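One letter stands for each residue in the lines below.
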Amino acid sequence: MGTRSGRDARGPVAALLTAALLSLACAGGGLAEPEGERPAPARSPGSPEPTTTRADGTTSVAEFKQDVADAQTIAERYWAAQFKESGQRFQPIRRITPYQRAGEVSCGGEPLPRNNAVYCSRGDFIAYDVAWSVAAFRQVGDAFVFYLLGHEYAHGIQVRLGINYSFTIQQELQADCMAGAYLGDSVRAKALTLADGDLDEFREGLAAVGDDPDQPWFAEGSHGTAQQRTDSFFRGYERSLEACDLG
Ligand SMILES: [Zn+2]
């Protein structure tokens, strides 16, 4: 994630962004219907040369897009390797789609709202509001993009593995753990280099996406408190997938 010197651009996450981030992921009923259409055979993952982390330093949309592409590449290679290790064929998530307007993209017939990012199991794609994601990227930092993509990608992996918990929060905290594992393992494998401050950016991003402390854990749509999400992410980050109860 390079040597971005824009850390002074971080600071407290604005209330607006925090509110938006609460709805992070999983709108559109993608995971509510995991029996949705299975991914069709797709292209194979990219070539296996390590991804060289760019020295960034701007907060431009171009840099954001490059970070999304890098995060996708790293996630595809990571999960392809995990599946291969267990003798399974891996199909990458079919596409990653930015959108700008409410309803521009639908998941299973449900129009996706602004200010969100989702994995849609019907159609096997990730979609994100580009203006909202760029705002988060500018406020929290580039590490947020790698976390966000990793979390949504993990939902696609859960579908591939047939994991379907009774409570949203279990599905969400596991996705956070898996996002942590893909990042931690990629750093250990030197496929990804973290800059100073990136770990703080993960913490700040996770703090921003935590549920209200008084939200019931069993509520539909609960993702976990900031503490729970941070704990899950770093459990995966430090101990890899062993920590994520993939079964
Ligand atoms: Zn999620």
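Please read these numbers as outputs of a predicted model, since none were measured by experiment.

1. Things to note about helix α5 (residues 168-188)
Compared with an ideal rise of 1.5 Å per residue, which puts 21 residues at 30 Å, α5 spans 30 Å between its outermost C-alpha atoms and is within 8% of the ideal. The buried count for α5 comes to 18 of 21 residues, which makes it a mostly enclosed element. Looking one or two residues past α5, Lys 190 carries a phi angle of roughly 65°, positive in sign.

2. Overview of the pattern of salt bridges
This structure, assessed with the given rule, holds 6 salt bridges. The partner of Asp 124 in a salt bridge is Arg 160, with the nearest N and O atoms 2.8 Å apart. Separated by 36 residues along the polypeptide, Asp 124 in the loop between β4 (117-120) and β5 (125-129) and Arg 160 in helix α4 (residues 142-161) bring together distant segments of the chain. For the pair shown, Asp 124 and Arg 160 are each scored as buried.

3. Re the sheet that holds strand β1 (residues 95-99)
Pairing in this open sheet of 3 strands is mixed, and the strands run β1-β5-β4 from one edge to the other. Edge positions in the open sheet fall to β1 and β4, since each of these has one partner strand only. Strand-to-strand twist in this sheet, taken as the mean axis angle between neighbours without regard to direction, amounts to 20°. As judged from the 4 bridges shared by β4 and β5, these two strands associate in the antiparallel manner. Paired with Cys 120 across the strands is Phe 125, a residue of β5. α4 contacts β1, β4 and β5 of the sheet and is inclined by roughly 20° relative to β4.

Parameters and conventions
- Residues numbered from 1 in each chain as written.
- Predicted model: local features only at pLDDT ≥ 70, side-chain atom pairs only at ≥ 80, totals over all residues.
- Heavy atoms only, no water.
- Helix = DSSP H or I, 4+ residues; strand = E, 2+ residues; numbered from the N terminus.
- Expected span 1.5 Å × (residues − 1).
- Buried < 20%, exposed > 50% of the residue type's maximum accessible area, 1.4 Å probe, protein only.
- Salt bridge = Lys/Arg side-chain N within 4 Å of Asp/Glu carboxyl O.
- Pairing = 2+ DSSP bridges.
- Axes fitted to C-alpha atoms, helices over the stretch in contact; angles between N-to-C directions.
- Contact = heavy atoms within 4.5 Å.

Functional significance is not addressed by these values, which are geometric in nature.
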